[in-house]
Amino acid sequence: MLVNIFDLTNEQVIKEAVLIVKVFALRIALRFFIVIVFSSLRAGGDSKVLTLLDSGLMWSVGIPLAFISVHVFHIQSIALVFLICQLEQIIRVYLGMKRYQKGKWIVNLTTYVME
């Protein structure tokens with residue numbers, strides 16, 4: 001339904017647009033889960049690790065995957081490249097859940113004294 005708004009005529013473009021919408025739906029679901037888990041971890045005072053999980057995974061997994069997908073494997077489909085890059089989100093969910101389950105994210109912020 002969403003793709004029909006744009007009155008596309010080329011069948012290949014329509015298929016690619018539908019695939020992009022599906023991939024973005026997966027991304028949104030993963031992102032909501034990440035926001036919920038990471039909000040709990042941030043509230044517990046574990047912001048240093050979360051900074052590494054947020055930006056570190058983007059630079060060490062997401063961007064290299066996009067580059068390799070396009071320049072090494074010559075993937076032309078935007079949706080497929082974006083889907084491959086979602087591995088970063090899956091790794092982020094896995095590592096965030098591991099951190100949550102270990103309980104190391106709980107920091108008693110009331111014990112710190114400001115000087």
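Quick caveat, the model's predicted, so the values are computed rather than measured.

> So what's going on with the environment of Gln12? Which residues, and what values?
Within the fold, Gln12 resides in helix α1 (residues 11-43). C-alpha separation for the pair Gln12 and Leu41, spaced 29 residues apart in sequence, amounts to 43 Å.

> Please provide a residue-by-residue account of the pattern of salt bridges, values included.
In the structure shown here, the tally under the stated rule is three salt bridges. Here Arg92 and Glu88 are joined by a salt bridge, their closest N and O atoms 2.5 Å apart. With Arg92 and Glu88 both in helix α4 (residues 87-102) and four residues apart, the pair spans about one turn of that helix. Neither residue differs from the other here; Arg92 and Glu88 are each classed as buried.

> Provide a residue-level description of the nonpolar core, including the pertinent values.
Counting 11 residues, the largest nonpolar core is built from Leu30, Ile34, Val37, Phe38, Leu41, Leu50, Leu53, Leu57, Val61, Val93 and Trp105. Among the elements of the structure, α1 and α2 (47-72) are those that each provide at least two residues to this core. When residues of this core are assigned to their parent elements, the largest contribution, five residues, is made by α1. In contact with Leu30, not counting residues within four places along its chain, are Gln86, Gln89, Ile90 and Val93.

> For the environment of Met58, give the residues involved together with the corresponding values.
With respect to the element layout, Met58 can be found in helix α2. The class for Met58 is partly exposed, based on a relative accessible area of 34%. Sequence separation between Met58 and Ala79 is 21 residues, and the spatial gap between their C-alpha atoms is 18 Å. Sequence-distant contacts of Met58, defined by excluding residues within four places in its chain, comprise Ile63, Pro64, Glu88 and Arg92.

> Explain the packing of aromatic side chains to me, and be specific about the residues and the numbers.
Counted under the stated rule, the structure contains two aromatic pairs. Taking 5.2 Å as the distance between ring centres and 15° as the angle between the ring planes, the aromatic pair formed by Tyr100 and Trp105 counts as stacked. In this structure Tyr100 comes out as partly exposed when scored by relative accessible area, which is 38%.

> Now, about helix α3 (residues 78-85): what can you tell me, with residues and values included?
Of all the positions in α3, only Ala79, Val81 and Cys85 are classed as buried. The buried residues of α3 occupy one face: seen down the axis, they fall within an arc of 165°. Against α1, α2 and α4 lie the buried residues of α3.

> Report on α1, specifying residues and quantitative values.
The end-to-end C-alpha distance of α1, which contains 33 residues, comes to 48 Å, matching closely the 48 Å that a straight helix rising 1.5 Å per residue would cover. Of all the positions in α1, only Glu16, Ala17, Val23, Leu30, Ile34, Val37, Phe38 and Leu41 are classed as buried. The elements touched by buried residues of α1 are α2, α3 and α4. Positive phi shows up at Gly45, right after α1, with a value of about 95°.

Criteria and cut-off values
- Position labels on residues start from 1 in each chain and follow its written sequence.
- Given that the model is predicted, a residue must reach a pLDDT of at least 70 before its local features are reported, and side-chain atom pairs must reach 80 or more before they are shown or counted; all residues, however, enter totals for whole chains, interfaces and linings.
- Each side-chain value is worked out from all heavy atoms of the structure, with water and hydrogens disregarded.
- Labels follow the DSSP assignment, with helices taken as runs of H or I lasting at least four residues and strands as runs of E lasting at least two, numbered in each case from the N terminus.
- Any Lys or Arg side-chain nitrogen located within 4 Å of an Asp or Glu carboxyl oxygen qualifies as a salt bridge.
- Each residue gets one of three labels from its accessible area relative to the maximum for its type: buried under 20%, exposed over 50%, partly exposed in between, using a 1.4 Å probe on protein chains only.
- By nonpolar core is meant a set of buried Ala, Val, Leu, Ile, Met, Phe, Trp, Tyr and Cys residues that side-chain atoms within 4.5 Å join together.
- Contact between two residues is taken to exist if any of their heavy atoms lie within 4.5 Å; hydrogens are not considered.
- Here a pair means two rings of Phe, Tyr or Trp (six-membered ring of Trp) with centres within 6.5 Å. Their orientation is stacked below 30 degrees between planes, edge-to-face above 60, and tilted elsewhere.
- What the arc measures is the spread of directions leading from the helix axis to the C-beta atoms.
- The span expected for a helix works out to 1.5 Å for each residue beyond the first.

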